[in-house]
Amino acid sequence: VGVDHNPTSVQVCRDAGLTAFTVEEFLARKDRERYSGMLAAHLLEHLPVGAGAEVLRGYLPFLEPGAVVVLICPQERGFASDPTHTVFMDQSALAGIVDELGLVPQRQYSFPLP
């Protein structure tokens, strides 16, 4: 299941036969299906400073107990490559969001690309 703020991106996914929702559609769902995991990839660095935990918090009620949450953000070089990036999310910043959400960190690592 995918969730995106961009309706065009959601429609591309649907046209490909995938299940996708806009943020508003997903949060308004009545069935409240619960998921075993959540991936937030290349999202947090696009948000206003301090908004990461607030945005992710809205999705936590959709997770099963013990669900895995994966946060992926670019390193310095990737961050610098996109003018829509607003806040650099290093490991310390991501750990702060995990703590703010009351999640239990399992591991943290960096995978540098050439």
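Structure shown above.
Residues numbered from 1 in each chain as written. Predicted model: local features only at pLDDT ≥ 70, side-chain atom pairs only at ≥ 80, totals over all residues. Heavy atoms only, no water.

Chemist: What is the right way to read the overall build of the protein from this model?
Modeler: For the protein, the helix and strand inventory stands at five helices and four strands. For 114 residues, the compact-globule estimate of 2.2 N^0.38 gives 13 Å, and the C-alpha radius of gyration of the protein, at 15 Å, lies within 12% of that figure. Looking at the protein residue by residue over its 114 residues, the buried ones come to 26%. A fraction of 60% describes how many contacts in the protein between residues 6 or more apart in sequence connect residues 24 or more apart. Carbon and sulfur atoms form 57% of the exposed surface of the protein, whose accessible area is close to 7,900 Å². (Helix = DSSP H or I, 4+ residues; strand = E, 2+ residues; numbered from the N terminus. Rg over C-alpha atoms; globule rule 2.2 N^0.38 Å. Buried < 20%, exposed > 50% of the residue type's maximum accessible area, 1.4 Å probe, protein only. Contact = heavy atoms within 4.5 Å. Areas by Shrake-Rupley, 256 points an atom, 1.4 Å probe, with all protein chains shown as cover.)

Chemist: I'm lost on the pattern of salt bridges in this one. Help?
Modeler: Where charged atoms from two side chains of opposite charge come close, those side chains can pair. One pass over the structure, following the stated rule, counts four salt bridges. Where Glu-100 meets Arg-57, a salt bridge forms, and the shortest distance between an N and an O atom there is 3.9 Å. Remark: Arg-57 occurs in helix α3 (residues 52-57) and Glu-100 occurs in helix α5 (residues 91-100); sequence separation between them is 43 residues. The class of Arg-57 is partly exposed, set by a relative accessible area of 39%. The network of salt bridges with shared partners includes Arg-29, Asp-31 and Glu-33. (Salt bridge = Lys/Arg side-chain N within 4 Å of Asp/Glu carboxyl O.)

Chemist: Got a minute to help me understand the pairing of strand β3 (residues 35-41) in this structure?
Modeler: Regular strands show a simple pattern: their side chains alternate between the two faces of the sheet. In this structure, β3 lies alongside strand β4 (residues 63-72), joined through six bridges in parallel fashion. Bridge pairing in β4 places Gly-37 opposite Val-68. The parallel pair β3 and β4, bridged by α3, forms a crossover whose chirality is right-handed. (Pairing = 2+ DSSP bridges. Right-handed = clockwise from strand over helix to strand, strands pointing away.)

Chemist: Sorry if this is basic, but what is going on with α5 here?
Modeler: For α5, every residue scored as buried is listed here: Leu-94, Ile-97 and Val-98. Down the axis of α5, the buried set is contained in an arc of 100°. They therefore lie on one face. Projecting away from the buried face of α5 at angles above 90 degrees are the exposed residues Ser-92 and Asp-99. Summarising the contacts, the buried residues of α5 are in contact with α3 and β4. Once α5 ends, the next one or two residues include Gly-102, with phi positive near 75°. (Arc of directions from axis to C-beta.)

Chemist: Help me understand the nonpolar core, please; the structure alone is not making it clear to me.
Modeler: Here is a general trend for soluble globular proteins: nonpolar side chains tend to be buried in one another's company. In terms of nonpolar packing, the biggest core is built from 21 residues, with Phe-26, Leu-44, Leu-56, Leu-71, Met-89, Leu-94 and Ile-97 touching the most fellow members. Secondary structure elements with two or more residues in this core: β3, α3, β4 and α5. If sequence neighbours within four positions are ignored, Leu-94 has contacts with Leu-44, Leu-71, Cys-73, Met-89 and Gln-108. (Core = buried A, V, L, I, M, F, W, Y, C linked by side-chain atoms within 4.5 Å.)

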